Amino acid sequence: MEPVFRALEITARCLVRATGTKITFRGLENMPAAGGAVIAINHTGYVDFLPAALAATARGRRMRFMIKAEMQDVMIVDWLIKHTGTIPVDRRAGAGAYAAAVDALRRGEIVGVYPEATISRSFELKEFKSGAVRMAREARVPIVPVIVWGAQRLWTKDHPKALGRKKIPVTVAVGAPIPPDGEASQIDAAVRTHMTRLLHEVQADYPRPQGAFWLPRRLGGGAPTPEEARQMEEAELAERARRRGERR
């Protein structure tokens, strides 16, 4: 028993009830009930980890997430990282986090990964980083595609939080495990294909109010197009670099 993890699970369920959030799970049978697996999750907001984690909990599993190392600067977050098996990632030198994730997978853990690395402002799938596939191949475990949809309405980039009792529906769709066989490029393409299909299926059954900020432009929403989102991200990175230069 992991008391801190258990306390977090209880807290998460209480938060879901308190906000009136209705989480619908699809394909839970695809979440491995035992053994290691890389859980590849789309990234649309700051709280999409929670519905994904609850999908694992519904299968009697506890998901270890990879989290940016800067979060260790927050005292309470650092304490939680150390007591929940969370894996901090230094984006400038990620070898240690990669090795820790592979080790956890080999021990039979499930590790949650965002292949896109950062939040997608367009709410479409961005280009994937290679880490998820490399870990799966090295640890010889499957990759399980997971789509979380609706959580971006609660809290995402460039928009205010909506964390009160908003009764926002959230869908979590779990796809069939993809074996770590073949070339990395082939596995990456298979993961992307499965996640795209799941995303479109979930979106088809979800409300689509025209002009909504959290809806992709492709569906009539007000979100930036993927190209516009890419330009915004490049401008954001350039501004961060400028500020770092000023501090030096």
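About the criteria used
Residues numbered from 1 in each chain as written. Predicted model: local features only at pLDDT ≥ 70, side-chain atom pairs only at ≥ 80, totals over all residues. Heavy atoms only, no water. Phe/Tyr/Trp six-rings, centres within 6.5 Å; stacked < 30°, edge-to-face > 60°. Helix = DSSP H or I, 4+ residues; strand = E, 2+ residues; numbered from the N terminus. Buried < 20%, exposed > 50% of the residue type's maximum accessible area, 1.4 Å probe, protein only. Lys NZ or Arg CZ within 6 Å of the ring centre and 35° of its normal. Salt bridge = Lys/Arg side-chain N within 4 Å of Asp/Glu carboxyl O.

Per an unreviewed UniProt entry, the protein is named 1-acyl-sn-glycerol-3-phosphate acyltransferase, and its organism is Mycolicibacterium iranicum.

## Considering the packing of aromatic side chains
Per the counting criterion, the structure on display carries three aromatic pairs. A ring pair is formed by Phe-49 and Phe-65, whose centres lie 6.2 Å apart and whose planes are at 85 degrees; its orientation type is edge-to-face. Taken together, the residues span a long stretch of sequence, with Phe-49 in helix 2 (residues 49–58) and Phe-65 in strand 3 (residues 63–68) at a distance of 16 residues. The exposure class of Phe-65 is buried, given its relative accessible area of 13%. One cation-aromatic arrangement involves Arg-192 over Phe-128; the distance from NZ or CZ to the ring centre is 4.9 Å.

## Notes on the pattern of salt bridges
A full pass over the atoms with the stated rule returns 19 salt bridges. For Arg-197, the salt bridge goes to Glu-201, with nearest N and O atoms at 3.2 Å. Of this pair, Arg-197 and Glu-201 are both found in helix 6 (residues 184–204), four residues apart, which corresponds to roughly one turn of the helix. By relative accessible area, Arg-197 is classed as partly exposed at 39%. In this structure, Glu-236 engages Arg-240 in a salt bridge whose closest nitrogen and oxygen atoms are separated by 3.8 Å. Remark: Arg-240 and Glu-236 occur in helix 7 (residues 226–247); sequence separation between them is four residues, near one turn of the helix. Since its relative accessible area comes to 39%, Arg-240 is described here as partly exposed.

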